[in-house]
Amino acid sequence: MGSDTITLKLTERSELGKAVKALRRQGIVPANIYERGKESQAVSAKYGEIAKVYHQAGKHHPVELDIDGKKRLAMIKDVDINVAKNTVRHIAFHAVKRNERVEAEVPVRLEGDVPAEKTGMLVLQNLDTVIVEAIPANLPNELIIDASKLVEDGDKVTVADINTIDNVTIISDSDIM
């Protein structure tokens, strides 16, 4: 479970539209916080801090946002990456409540020895993440699939084979390989 709290200090920003280019040149990443029924909030943080939080939290771990002293819990919903420089250009956060279930993309990992690989076969993993639903504190960092079931040509594991976790519901179709 994601028990470690990931915190990010943000400041409100008034620069909008093309004015955010100047922020990026200064090493600051613009971001927005969205909440149902409310207007979005424009914020920003230093590149190093926001990149570190993105790599720690991904889209599956809640982030404690500290906006000029006010705290909010949010999930990363969208990240704009500059592919030429491999840098974060913008992040969209979605505010969540601590006691309400949320949907998140959680990484899937094959665990254990893969008998098929020992006989020279190649194992392909089609799916890197699955969609789950849980309260933010119960969101797992990853889900595990037992790879020992992959023995012969044609063997497969599906979303239904994922080791389940209490209080976490897998939303993705159970038939997906």
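In what follows, the accompanying structure is described.

So, how was this worked out
- Residues numbered from 1 in each chain as written.
- Predicted model: local features only at pLDDT ≥ 70, side-chain atom pairs only at ≥ 80, totals over all residues.
- Heavy atoms only, no water.
- Helix = DSSP H or I, 4+ residues; strand = E, 2+ residues; numbered from the N terminus.
- Buried < 20%, exposed > 50% of the residue type's maximum accessible area, 1.4 Å probe, protein only.
- Contact = heavy atoms within 4.5 Å.
- Areas by Shrake-Rupley, 256 points an atom, 1.4 Å probe, with all protein chains shown as cover.
- Lys, Arg positive; Asp, Glu negative; His and termini not counted.
- Charge placed at Lys NZ, Arg CZ, Asp CG, Glu CD.
- Pairing = 2+ DSSP bridges.
- Axes fitted to C-alpha atoms, helices over the stretch in contact; angles between N-to-C directions.
- Polar contact = N/O pair within 3.5 Å; in protein donor to acceptor, adjacent residues only side chain to side chain.
- Arc of directions from axis to C-beta.

## Focus: the overall build of the protein chain
Consideration 1: Within the protein chain, the regular secondary structure consists of three helices and ten strands.
Consideration 2: The linear arrangement of helices and strands in the protein chain, starting from the amino end, is β-α-β-β-α-β-β-β-β-α-β-β-β.
Consideration 3: Considered along the principal axes of its C-alpha atoms, the protein chain spans approximately 60 × 40 × 25 Å.
Consideration 4: Within the protein chain, buried positions represent 38% of all 177 residues.
Consideration 5: Within the protein chain, contacts between residues separated by at least 24 positions form 60% of all contacts whose residues are at least 6 apart in sequence.
Consideration 6: Within the structure as shown, the protein chain displays about 10700 Å² of accessible surface, and the carbon and sulfur contribution to it stands at 47%.
Consideration 7: Averaging the coordinates of the 24 positive side-chain charges in the protein chain and doing the same for the 28 negative ones gives two points 12 Å apart.

## With respect to the sheet that holds strand S3 (residues 41-46)
Consideration 1: In space, the six strands of this closed barrel follow the order S1-S3-S2-S6-S5-S4, with mixed pairing throughout. Averaged over all neighbouring strand pairs, the angle between strand axes comes to 45°, with direction disregarded.
Consideration 2: Against the sheet, helix H2 (residues 47-57) engages strand S1 (6-12), strand S2 (28-34), S3, strand S4 (63-67), strand S5 (70-82) and strand S6 (87-95), with an angle of about 140° to S1.

## Notes on the environment of Met75
Consideration 1: Inspection of the secondary structure puts Met75 in strand S5.
Consideration 2: Its relative accessible area of 1% is what places Met75 among the buried residues.
Consideration 3: As for Met75 and Glu64, which are separated by eleven residues in sequence, their C-alpha atoms are 8.8 Å apart.
Consideration 4: For Met75, the residues in contact, after removing those within four places along its chain, are Lys59, His60, His61, Pro62, Ala92, Phe93, His94, Val96, Ala104 and Leu139.

## What about the pairing of S1?
Consideration 1: With five bridges joining them, S1 and S4 adopt parallel strand pairing. Across the sheet, the residue bridging to Lys9 is Asp66, located in S4.
Consideration 2: As judged from the two bridges shared by S1 and S3, these two strands associate in the antiparallel manner. Note on S3: the bridge partner recorded for Glu12 is Val43.

## What to know about the side chain of Ser172
Consideration 1: Within the element layout of this structure, Ser172 appears in the segment after strand S10 (169-170).
Consideration 2: Ser172 sits in the buried class, given a relative accessible area of 16%.
Consideration 3: Only 2.8 Å separates the side chain of Ser172 from the backbone nitrogen of Ile131, close enough to count as a polar contact.

## Digging into H2
Consideration 1: Of all the residues in H2, the buried ones are Ile50, Ala51, Val53 and Ala57. Across the axial projection of H2, the buried residues extend over an arc of 160°, all falling on one side. In H2, the exposed residues that point more than 90 degrees away from the buried face are Lys52 and His55.
Consideration 2: On the buried face of H2, the contacting elements are S1, S2, S3, S4, S5 and S6.
Consideration 3: Backbone geometry just downstream of H2 places Gly58 in the positive-phi region, at approximately 55°.

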